[in-house]
Amino acid sequence: MSASYDEELLARLSQADPAAGVVVDPVTSPQARQLLERTMQTLDQTSPSTAPSPAPRRLGGVVRRPALLAAAAGLVLVLGIGAALSDRPDAPAPRPGTTLALQVAGGLSMSSCLPFDVAVLAQMPVALAGTVTEVEAGQVTLQVDRWYRGGDAMRVTVSQPDAASSVALDGVSFEQGKRFLLTATEGTVNGCGFSGPYSDELAASYEQAFAR
Amino acid sequence: MRRRRAFEDLASTVYEPLQRYLLRRVDEATAQDVLGDVLLVLWRRLADVPPDAALPWSYGVARRCLANSLRAAERQDQLVRKLATVRAAPPEAGEAFADLHLALAALPAQDRELLRLSAWEQLAPREIAVVLGCTPNAASIRLHRAGKRLRRALETGAGKDAGPGGHPGKRQRREAAR
């Protein structure tokens, strides 16, 4: 007998493939897009000890495993507003004086918002407060007045890829002189209430989330 | 956002085959859960994915995620329920393959996986080696032996009395842990 096993048996076994004829979700389906987007918005830096818990159950009633739940719940960020902190999520923090380039994702984002939670906010690897100093088509520059986490650049640019329109965050336009609180993950500015115009309430949440 | 693009590219290659891989082994709800885990691992380990063997490598991730899932289920004392949902002989397979599915279910786990990877995922031994983390030569030899054991199981009607989990006396080889 050759190295390949029983050809006839293999052929018969192939015919017994339980997935033959089973229609699976195409990668272009809304479900797939949502799952992929959720995956890409997952924090890399999260260690098990920092994973939020308990995690909510998914619809359907079947008991889900904790690891996935953690992913589906707390670790997953919100709304695909993208920021190019760098191509590598674990890239070192920028040096003082340099500009940190962030992006707001353009186009369609299938991801949905998580309810705002300080525990989730605390997972964000990049958090800062800054005031808009310049507004151009598709890009704004902010002067950072405080780094809560993940950098020490003096300026941050936020741009919207493939869009000449004005940059907006959750529908809020970056206006000159306006102060914002921003968090970012994977080069992505997080929306859904995890970033936004400066307010005492949001600032208090930042204080709580990023307290050392 | 090069990383996102790379992940999208990978997903377009592996997303559908991974679903089939999982659906061949567990029920739909578990498959869906594990798929999420697999994607998460692929996203985190994007830099490690071998460009020339992305799919077998992803199957390897799926295999480990699935094993974790089943272990977790066991811990939660749901083993019986979980095993009951493993597709031993799905209805669409029909009567014609019932004996084959039973014989397959009676084999040691590693044999079963080798045979499935070959017959269902249509992988060559060198690709199976990527999934299992062994050498192509070892994959080839093990596949050959697994085929012989399946043939024997079919001939002796094994599996008709045994539940999933295989022959009680069949010892797992040391490398079966891989």
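As the structure is a computational prediction, the values presented were derived from the model and not from experiment. (Residues numbered from 1 in each chain as written. Chains lettered and ligands numbered in written order. Predicted model: local features only at pLDDT ≥ 70, side-chain atom pairs only at ≥ 80, totals over all residues.)

Chemist: What should I look at first to understand the overall build of chain A in this one?
Modeler: Each helix and strand counted, chain A has 5 helices and 9 strands in total. Written out in order from the N terminus, the α and β elements of chain A read α-α-α-β-α-β-β-β-β-β-β-β-β-α. Counting over 212 residues, chain A shows a buried share of 40%. A sequence separation of at least 24 residues applies to 64% of the contacts in chain A between residues at least 6 apart. (Helix = DSSP H or I, 4+ residues; strand = E, 2+ residues; numbered from the N terminus. Buried ≥ 20, exposed ≤ 12 C-beta atoms within 10 Å, placed from the backbone. Contact = placed C-beta atoms within 7 Å.)

Chemist: I would appreciate a short explanation of the packing of helix α7 (residues 125-132) of chain B against helix α8 (residues 136-156) of chain B in the present structure.
Modeler: Packed helix pairs are characterised by how far apart their axes lie and by the angle those axes make with each other. All names here are of chain B. Packing of α7 against α8 leaves a shortest axis separation of 8 Å and a crossing angle of 105°. Of the possible angle classes, the one that applies to α7 and α8 is roughly perpendicular. Contacts between α7 and α8 involve P125, R126, I128, A129 and L132 from the former and P136, A138, A139, S140 and L143 from the latter. Of the residues in the contact of α7 with α8, the class split is 8 nonpolar, 1 polar and 1 charged. (Axes fitted to C-alpha atoms, helices over the stretch in contact; angles between N-to-C directions. Parallel < 35°, antiparallel > 145°, perpendicular 65-115°, else oblique. Nonpolar A, V, L, I, M, F, W, Y, C, P; charged D, E, K, R; others polar.)

Chemist: Please clarify how the packing of helix α2 (residues 30-40) of chain A against helix α2 (residues 28-44) of chain B should be interpreted in this entry.
Modeler: One way to put it is that α2(A) packs onto α2(B) with a least axis distance of 9 Å and a crossing angle of 45°. In terms of their interaxial angle, α2(A) and α2(B) are classed as oblique. Note on packing geometry: the crossing formed by α2(A) with α2(B) is right-handed. The segment α2(A) lies against α2(B), with A:L35, A:L36, A:T39 and A:M40 engaging B:G36, B:L39, B:L40 and B:W43. Looking at the contact of α2(A) with α2(B) residue by residue, the classes come out as 6 nonpolar, 2 polar and no charged. (Left-handed = near helix turned anticlockwise from the far one by under 90°.)

Chemist: Sorry if this is basic, but what is going on with the environment of B:G157 here?
Modeler: All names here are of chain B. Tracing the backbone through its elements, the reader meets G157 in the segment after α8. Overall, the presence of 12 C-beta atoms within 10 Å leaves G157 in the exposed class. On a C-alpha basis, the gap between G157 and A103 in space is 7.0 Å, while along the polypeptide they are 54 residues apart.

Chemist: I would appreciate a short explanation of helix α5 (residues 98-106) of chain B in the present structure.
Modeler: The α-helix advances 3.6 residues per turn, and as a result positions three or four apart in sequence lie on the same side. Along α5(B), the residues that are buried comprise B:L100, B:L102, B:A103, B:L104, B:A105 and B:A106. Summarising the contacts, the buried residues of α5(B) are in contact with α1 (7-15) of chain A together with α6 (109-119) and α8 of chain B.

Chemist: I tried to follow the nonpolar core on my own but got confused; where do I start?
Modeler: General note: in soluble globular proteins, nonpolar side chains tend to be found buried as a group. Counting residues in each nonpolar core, the largest one holds 54 residues, and the members touching the most others are B:L18, B:L22, B:V34, B:V38, B:L39, B:A62 and B:I128. Excluding its chain neighbours within four sequence positions, the residues that come into contact with B:V34 are B:L22, B:A62, B:C65, B:L66 and B:S69. Counting 28 residues, the second largest nonpolar core, distinct from the first, contains A:A127, A:V156, A:V189 and A:F194. (Core = buried A, V, L, I, M, F, W, Y, C linked by C-beta atoms within 7 Å.)

Chemist: Looking at this structure, I do not really get the confidence of the model for chain B. What am I missing?
Modeler: Segments scoring low in pLDDT should not have their predicted coordinates read at a detailed level. Residues and elements named next belong to chain B. Scored by pLDDT, chain B has a mean of 81; 76% of the residues are at 70 or more. Here helix α4 (residues 79-85) stands out as the least confident element of chain B, with mean pLDDT 48; α7 is the most confident, with 95. Under a pLDDT of 50 for its full length, residues 84-89 has, in the predicted model, 15 contacts with residues more than four places off or in other chains. The low-confidence segment residues 161-178 (pLDDT under 50) makes 20 contacts with residues lying over four places distant or belonging to another chain. This complex was scored by the predictor with a pTM of 0.52 and an ipTM of 0.76. (pLDDT = per-residue confidence, 0-100.)

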